[in-house]
Amino acid sequence: MASTIRPSLSSFATTRFSGGISMVNSSTRFNSLHFGSSVGSQSQHFGLKSCKLFRQEGNRKPAKTIVSMAQGSTATTQENALEWVKSDKRRMLHVVYRVGDLDRTIKFYTECLGMKLLRKRDIPEERYTNAFLGYGPEDSHFVIELTYNYGVDKYDIGSAFGHFGIAVDDVAKTVDLIKAKGGTVTREPGPVKGGKSIIAFVEDPDGYKFELIERGPTPEPLCQVMLRVGDLDRAITFYEKAFGMELLRRRDNPEYKYTIAMMGYGPEDKSAVLELTYNYGVTEYDKGNAYAQIAIGTDDVYKTAEAVKLFGGKITREPGPLPGISTKITACLDPDGWKTVFVDNIDFLKELE
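Residues numbered from 1 in each chain as written. Predicted model: local features only at pLDDT ≥ 70, side-chain atom pairs only at ≥ 80, totals over all residues. Heavy atoms only, no water.

Q: Can you tell me about the pattern of salt bridges, naming the residues and giving the values?
A: Considering all chains together, one arrives at 13 salt bridges under this definition. Between E318 and K309 there is a salt bridge; the shortest N-O distance is 3.7 Å. Accessibility expressed as a relative area gives 47% for E318, which makes it partly exposed. The partner of K328 in a salt bridge is D347, and the shortest N-O contact between them spans 2.9 Å. You can see K328 sitting in strand 15 (residues 328-333) and its partner D347 sitting in helix 8 (residues 345-352), a full 19 residues away along the chain. Taking the relative accessible area as the measure of exposure, D347 reaches 5% and is therefore buried. (Salt bridge = Lys/Arg side-chain N within 4 Å of Asp/Glu carboxyl O. Buried < 20%, exposed > 50% of the residue type's maximum accessible area, 1.4 Å probe, protein only. Helix = DSSP H or I, 4+ residues; strand = E, 2+ residues; numbered from the N terminus.)

Below you can see the structure in the form of structure tokens.
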């Protein structure tokens, strides 16, 4: 029961969530020589012309020619997919994770971090409750979706999840407020290592870390989700091609043996971004069972799923409507095993009505 996350708009198809999400095996990656079985309907959506690999009019094409035809068709398909991904209207919608005491967490986020409780829903027949919190309405802001499973008061955060980032006007004042409310400060205000930005770190009651970043007024105060990856170049390429994100900046810190890459759909000071961190020599992490996934909006979950397959991701929930409602989603894992759920943009707005 401790590893359960209940189905919701962004988390259907993961009613069981164990600590060790498997890395995407190389056998699941798109293979140009087997596109007929592994890609399936990509030809319908991205204009792939099937190669005729069998005997025609008594003549068999040489193996080298067949391979060349398959590779050419694959390249064409990937180009079409990449073009569509870049034009798709995508936005980070919310981040989902589990907590052991929902009321306690809501109190901390609203009183110490200045968030608003946007909505709350209890599903007693499924023995779980969700709460959505953030700094603005869900139709225009990146928000948090908390999940409380009845009777489960503790989760393992693991070593793979890093932190959430919140932009504040004055880090020192925010830290003083959190201390006054009994919160835990794990890093006092001061310049970031190797830079000038003023930051601090605090922990919520469940042990999730929040980085407070001193920044001027921003439309998106909940501004970062930091995840650790085992191969930064591989991760950047995947998020650029499969997710359509832009590499906003990359910074190497050899003194502290780590490199970060900021990925997103808009500038850091105006939109939420994904911070990928690579620690020198570390290729695997324990994901625990606390953090769940990020949800991203898309105009077409079917094309999204196909693009994810083409560029090395693994689909864990085939695209389509959720049972009982019309909201269309698809779920996938990146090469490091991090889960993302894509939600149809129109259906998402209807859910908020």
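Q: Describe in detail the side chain of E275, supporting the description with residues and values.
A: Along the chain, E275 falls in strand 12 (residues 273-279). Among residues more than four places away in sequence, those in contact with E275 are H163, E211, Q224, V225, M226, L227, I260, A261 and M262. (Contact = heavy atoms within 4.5 Å.)

Q: Pulling in residues and values, what's your account of the environment of V343?
A: Structurally, V343 is set in strand 16 (residues 339-344). Judged by relative accessible area, which is 0%, V343 ranks as buried. Each C-alpha atom, one on V343 and one on L93, is 8.8 Å from the other, the two residues being 250 residues apart in sequence.

Q: Tell me about the packing of aromatic side chains, residues and numbers included.
A: Per the stated rule, a full pass over the model turns up 16 aromatic pairs. Here the aromatic rings of Y109 and F210 are separated by 5.4 Å at their centres, their planes lie at 75°, and the arrangement is edge-to-face. With Y109 in helix 4 (residues 102-111) and F210 in strand 8 (residues 209-214), the pair connects residues that are 101 residues apart, well separated along the chain. Taken as a pair, Y109 and F210 share a single burial class, namely buried. With a centroid separation of 4.8 Å and 80° between ring planes, the pair formed by Y239 and F243 is classed as edge-to-face. (Phe/Tyr/Trp six-rings, centres within 6.5 Å; stacked < 30°, edge-to-face > 60°.)

Q: Account for unusual backbone geometry, with residues named and values stated.
A: Phi is positive for R127, close to 60°, though the residue is something other than glycine. Here R127 falls in the partly exposed class, since its relative accessible area comes to 43%. The phi dihedral of K257 falls on the positive side, at around 60°, and the residue is not glycine. For K257, the location among the structural elements is in the loop between strand 10 (246-253) and strand 11 (258-264). Under the relative-accessibility criterion, K257 is labelled exposed at 53%.

Q: Explain the pairing of strand 5 (residues 161-168) residue by residue, including any values.
A: On any regular strand, side chains alternate: one points to one face of the sheet, the next to the other face. With respect to burial, strand 5 is a largely interior element, 8 of its 8 residues being buried. Relative to strand 9 (residues 222-228), strand 5 runs antiparallel, the two sharing 5 bridges. Residue pairing across strands places F161 opposite L227, the latter belonging to strand 9. Across 5 bridges, the pairing between strand 5 and strand 8 is parallel. Looking across to strand 8, one finds that I166 is bridged to L212. (Pairing = 2+ DSSP bridges.)

Q: Got a sec to walk through empty space enclosed by the protein? Specific residues and values, please.
A: Here the structure, examined in full by the defined rule, presents 1 cavity of 30 Å³ or more. Of the volumes computed, that of the largest cavity is approximately 60 Å³. Mapped by element, the contributors of at least two residues to the lining of the largest cavity are strand 13 (291-298) and strand 16. Looking at which element gives the most residues to the lining of the largest cavity, the answer is strand 13, with 3 residues. For the lining of the largest cavity, the class distribution of residues is 9 nonpolar, 1 polar and 1 charged. (1 Å grid on protein atoms, 1.4 Å probe; cavity = no way out; pocket = protein on both sides within 12 Å on 5 of 7 lines; lining within 4 Å. Points joined across faces, edges and corners; volume = space filled by probe spheres on them. Nonpolar A, V, L, I, M, F, W, Y, C, P; charged D, E, K, R; others polar.)

Q: Outline the side chain of D334, supporting the account with residue identities and numerical values.
A: Counting through the fold element by element, D334 comes out in the loop between strand 15 and strand 16. The charged side chain of D334 is buried without a salt bridge, its nearest counter-charge being K287 at 6.4 Å. In terms of polar contacts, D334 uses its side chain to reach the backbone amide nitrogen of G337, at 2.8 Å. One polar contact links the side chain of D334 to the main-chain amide nitrogen of W338, over a distance of 2.8 Å. (Lys, Arg positive; Asp, Glu negative; His and termini not counted. Polar contact = N/O pair within 3.5 Å; in protein donor to acceptor, adjacent residues only side chain to side chain.)

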